[in-house]
Amino acid sequence: MARPLGEATREAYGKALAELGRENPNIVVLDGDLSKSTMTKYFAQEFPDRFFNVGIAEANMVGMAAGLAASGKIAFASSFACFVMCKAFDQMRLAVAYSGNNVKIVGTHGGISIGEDGVSQMGHEDIGLALSLPGFVVLVPADGAETREAVRAAAEHVGPVYIRVGRPKAPVVYENGCPHFRIGKAITLRDGDDVTLIANGLMVAAALDAAETLAQQGISARVLDMHTVRPLDEEAVEKAARETGAIVVAEEHLLYTGLASQVAMAVAKRYPVPMRFVGLYDYAESGAPDALMRKYGLTAEDIAREAVELVHMRQEAVV
Amino acid sequence: MVTTSVSVEQLERTARKLRRHIVKMLAIAGSGHPGGSLSAIDILTALFFGNVMRYDPKNPRWVERDRFILSKGHAVPALYAVLAEAGFIPEDWLWQLRKIDTPMQGHPSVKDIPAVEASTGSLGQGLSIGLGMALAARLDDKPYRVYVMIGDGESEEGQVWEAAMAASHFRVGNLTAILDYNRYQLDGAIGEIMSIEPVVAKWEAFGWAVREIDGHNMKQILEALHWAKEPREQPSIIIAHTVKGKGVSFMENNNEFHGKAPTQAELEQALAELAD
Ligand SMILES: Cc1ncc(C[n+]2csc(CCOP(=O)(O)OP(=O)(O)O)c2C)c(N)n1
């Protein structure tokens, strides 16, 4: 059942950036001594004049990106998700979000699937931080193909964007590219009427696997790839609530402030139905990525289990 | 508490043994940072085993202990090797580095090992924490000293200079920084990515007492650490010129080994080079 692994989303990011650089001389890229990890090195190799490695200095990097953007550039600034969001948050707040500067922040190594380096390098709360900044579009692509589209869409969008990508190779979700990607529009990967699984990032592949398991148990699950956390596709959420009556949200992030919270808000506002959440409640630790995903409950089995309980709960309520 | 006197030769032998531990634990873990661990280990060896720091492995949280913070947290293999040698953690823990369900986190974590003084790994934070500890010693009238090791790349973080300014403003004489100046950061040579020169003049301008040494010359390291303990009303920094990957020929000044573990074959060669 396991899907074939494709390229890492950070790899797709780096390549997409180099592609964009060829098309648009206005694109500039900044990095904080991690260009070999964030993959901005591809852009740096081709366009050294439009690439600024600021050293280990994330706050300065985002401030510089704001200045470049205020002067007409499309500025992409990258570091690990935790460093760029946490260390440059104030700069993002005033110089980017409030000022409406055209800065694209791309945080790589998001989530706990970075593995052995452990907590200090993991983005557990990066999406929440991005969501707390009004005006920021927040994108969490699922695989390489979707990342490419997200990066393009971000460059075309005028205004601040945060894109979160990951370290490990990502299971392929979009075999033939992802041509229907639109900011703010969920992608329905599978239809179903007993329960809806809403996920982003690596959890999309897990949700698809969960849906297959559920099908074997006679439960028909809808799967939505919610690559855009803001602006959230509230129509798709409401439709899922109405038509399936139960929603499981899965994300590789602390549940307090990410996709789960956003979907729950939309459900509460538009059409309340029972919900379950698969994600993190605490910091993780060092370990092999797969082992961590198991230990912290971020697998297809975890999603399927929550879905089964939700469906049974609803059946009992009906009886 | 360590009180016996040790010779330079003994310390050099210990450092060589700890280098073997570092490459071995990284090879077993399959990931991690050899370069900056090997550049730092002579200094850590002198600090912990050269009658410099006061500590008690049976009582890691002893209030009067001297504190050591590894601000460049990715060099944690060097710290673990020293903590094992000092008796804070069992030696066989070293082979669990980075494994799930163990205390051996990939970066220093106060939640997992009591002898770790600060959780680090997001670069730039250690000196501020050390300054806070140094101020607490003064408030509580305790005799301890705080040592903080920072990287040269790490010195690019603004917070390092905020702490530097504050430490001299608050006139803490019980705070010593050690700069592991191995001239490389992650993306390449520090002079090419973001120069921190003139680094001696910078620290002097920030009001610190500065001493420059060869960070692999055990005698010079010991002298500098004892110099740092002399009473004064300003913080002190030892600028230690080091070699990234020191001690393993194919890792020396080869920044590929900034964040890459040795293979089994590489481990064997490294162990042969580091043999007693
Ligand atoms: C705030 C922050 N940004 C980026 C990183 C990623 N990173 C880990 S090690 C490193 C280079 C460190 O260079 P240096 O301080 O010179 O250490 P050394 O060469 O001694 O290993 C970087 C950029 C980090 N850990 N923290």
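Here the structure is shown first, and the text comes after it.
K.L.:
I keep staring at the packing of aromatic side chains and nothing clicks. Help me out?
P.N.:
Between two aromatic rings, the relevant description is the distance of the centres plus the angle of the planes. All names here are of chain B. One pass over the structure, following the stated rule, counts eleven aromatic pairs over all chains. When the centroid spacing of 4.8 Å and the interplanar angle of 40° are considered together, the rings of tryptophan 161 and tryptophan 203 count as tilted. Taken together, the positions of tryptophan 161 in helix α5 (residues 158-169) and tryptophan 203 in helix α7 (residues 199-205) put the pair 42 residues apart, joining distant regions of the chain. Since its relative accessible area comes to 0%, tryptophan 203 is described here as buried.

K.L.:
I keep staring at the site of the ligand and nothing clicks. Help me out?
P.N.:
Neighbouring the ligand are 24 residues; Glu58(A), Lys72(B), His74(B), Gly121(B) and Asp152(B) lie closest to it. Positioned at a junction of chains, the ligand has nearby residues supplied by chains A and B. Gly153(B) has a polar backbone atom sitting 2.8 Å from an oxygen atom of the ligand. The contact in question runs from an oxygen atom of the ligand to an N or O atom on the side chain of Lys244(B), over 2.8 Å.

K.L.:
I'm lost on the side chain of Asp33(A) in this one. Help?
P.N.:
Among the structural elements, Asp33(A) can be located in the loop between β2 (27-31) and α2 (35-38). No salt bridge is formed by the buried Asp33(A). Its closest oppositely charged neighbour is Lys244(B), at 7.4 Å. From its side chain, Asp33(A) meets the backbone nitrogen of Leu186(B) in a polar contact 3.0 Å long. In this view, Asp33(A) contacts Asn53(A), Gly55(A), Ile56(A), Gln185(B), Leu186(B), Asp187(B) and Ile193(B); residues no more than four positions away in its chain are not counted.

K.L.:
So what exactly am I meant to see when it comes to the packing of helix α4 (residues 58-70) of chain A against helix α6 (residues 89-98) of chain A here?
P.N.:
Between two packed helices, what matters for the description is the angle formed by their axes and the separation of those axes. All names here are of chain A. Remark: α4 packs on α6, axes separated minimally by 9 Å, with the N-to-C direction vectors making an angle of 5°. Between α4 and α6, the interaxial angle falls into the category roughly parallel. On α6, the residues touching Ala59, Val62, Gly63 and Ala66 of α4 are Gln91, Met92, Ala95 and Val96. A class-by-class count of the residues in the contact of α4 with α6 yields six nonpolar, two polar and no charged.

K.L.:
Could you clarify how one ought to interpret helix α11 (residues 259-270) of chain A in this entry?
P.N.:
Residues spaced three or four apart along an α-helix face the same direction, because each turn holds 3.6 residues. Residues and elements named next belong to chain A. Over its twelve residues, α11 runs 16 Å from end to end, which matches the ideal 16 Å to within 8%, given 1.5 Å per residue. Within α11, burial applies to Leu259, Ala260, Gln262, Val263, Ala266 and Val267. Down the axis, α11 shows its buried residues gathered within 165° of arc, on one side only. The exposed set on the far side of α11, more than 90 degrees from its buried face, consists of Met265, Ala268 and Lys269. The inward-facing, buried residues of α11 contact α7 (126-131), β10 (195-199), β12 (228-230), α10 (234-244), β13 (247-254) and β14 (275-280).

K.L.:
Even after reading the chapter, I still don't get the sheet that holds strand β4 (residues 209-214) of chain B, so can you show me in this structure?
P.N.:
Neighbouring strands of a sheet are bound in pairs by backbone hydrogen bonds; such pairs are parallel or else antiparallel. Residues and elements named next belong to chain B. Pairing is parallel in the open sheet, where five strands are placed in the order β1-β2-β3-β5-β4. Each edge of the open sheet is held by one strand with a lone partner, namely β1 (67-70) and β4. Taking each pair of neighbouring strands and ignoring which way they run, the sheet shows an average axis angle of 20°. Of the strand pairs in this sheet, strand β3 (residues 175-181) and strand β5 (residues 236-241) are connected by six bridges, and their pairing is parallel. Pairing of leucine 179 across the sheet is with isoleucine 239, part of β5. Sitting on the sheet, helix α2 (residues 34-49) touches β1, β2 (146-151), β3 and β5, and the angle it makes with β3 is about 150°.

K.L.:
Even after reading the chapter, I still don't get the environment of Thr299(A), so can you show me in this structure?
P.N.:
All names here are of chain A. When you line up the elements, threonine 299 lands in the loop between α12 (289-295) and α13 (300-318). Distance from threonine 299 to leucine 202, taken between C-alpha atoms, is 9.8 Å for residues 97 residues apart in sequence. Contacts of threonine 299, omitting those with residues within four sequence positions, involve Met203, Ala206, Met293 and Arg294. Of the polar contacts made by the side chain of threonine 299, one reaches the side chain of aspartate 302; its length is 2.6 Å.

K.L.:
Would you explain the nonpolar core in this entry?
P.N.:
Generally speaking, nonpolar side chains in soluble globular proteins are found buried as a group. Residue and element names in this part refer to chain A. If you look at the biggest cluster of nonpolar residues, it comprises 65 residues, and the most contacted ones within it are Phe76, Val195, Leu197, Met203 and Ile303. Ranked by residues supplied to this core, first place goes to helix α9 (residues 203-216) with nine residues. Setting aside its immediate chain neighbours within four residues, phenylalanine 76 contacts Tyr13, Leu17, Leu20, Ile27, Val28, Val29, Leu30, Lys104, Val106, Val151 and Ala155.

K.L.:
What's the story with the packing of helix α1 (residues 8-29) of chain B against helix α9 (residues 264-273) of chain B in this structure? I'm lost.
P.N.:
Residue and element names in this part refer to chain B. Running from N to C, α1 and α9 cross one another at 175°; their axes reach a closest spacing of 10 Å. With respect to each other, α1 and α9 are oriented roughly antiparallel. Where α1 approaches α9, its residues Arg20, Val23, Lys24 and Ala27 are matched on the opposing element by Leu267, Ala270 and Leu271. Class assignment of the residues belonging to the contact of α1 with α9 gives a composition of five nonpolar, no polar and two charged.

K.L.:
What am I meant to see in the pattern of salt bridges here?
P.N.:
Opposite charge on two side chains allows them to pair when their charged atoms are near. Residue and element names in this part refer to chain A. For the structure on display, the rule yields 36 salt bridges over all chains. Here glutamate 19 makes a salt bridge to arginine 152, at a shortest N to O gap of 3.5 Å. Of the two residues, glutamate 19 sits in helix α1 (residues 9-23) while arginine 152 sits in helix α8 (residues 144-156), which places them 133 residues apart along the sequence. Given the relative accessible area of 22%, arginine 152 is considered partly exposed. Notably, a salt bridge pairs arginine 164 with aspartate 126, separated by 3.0 Å at the nearest N-O pair. In this pair, arginine 164 is assigned in strand β7 (residues 161-164) and aspartate 126 in helix α7, connecting sequence segments 38 residues apart. Overlapping salt bridges, with partners in common, bring together Glu234, Glu235, Glu238, Arg242, Lys269 and Arg270 in one network.

K.L.:
Explain the interface of chain B and chain A here, please?
P.N.:
Between chain B and chain A, the contact holds 24 residues from the first and 23 residues from the second. Counting across the interface, chain B meets chain A through three salt bridges. The salt bridge partner of Arg98(B) is Asp117(A), with a shortest N-O separation of 2.6 Å. Residue composition of the side of chain B that touches chain A, grouped by class: five nonpolar, twelve polar and seven charged.

The rules we used
Residues numbered from 1 in each chain as written. Chains lettered and ligands numbered in written order. Predicted model: local features only at pLDDT ≥ 70, side-chain atom pairs only at ≥ 80, totals over all residues. Heavy atoms only, no water. Phe/Tyr/Trp six-rings, centres within 6.5 Å; stacked < 30°, edge-to-face > 60°. Helix = DSSP H or I, 4+ residues; strand = E, 2+ residues; numbered from the N terminus. Buried < 20%, exposed > 50% of the residue type's maximum accessible area, 1.4 Å probe, protein only. Near = heavy atom within 4 Å. Polar contact = N/O pair within 3.5 Å; in protein donor to acceptor, adjacent residues only side chain to side chain. Lys, Arg positive; Asp, Glu negative; His and termini not counted. Salt bridge = Lys/Arg side-chain N within 4 Å of Asp/Glu carboxyl O. Contact = heavy atoms within 4.5 Å. Axes fitted to C-alpha atoms, helices over the stretch in contact; angles between N-to-C directions. Parallel < 35°, antiparallel > 145°, perpendicular 65-115°, else oblique. Nonpolar A, V, L, I, M, F, W, Y, C, P; charged D, E, K, R; others polar. Expected span 1.5 Å × (residues − 1). Arc of directions from axis to C-beta. Pairing = 2+ DSSP bridges. Core = buried A, V, L, I, M, F, W, Y, C linked by side-chain atoms within 4.5 Å.

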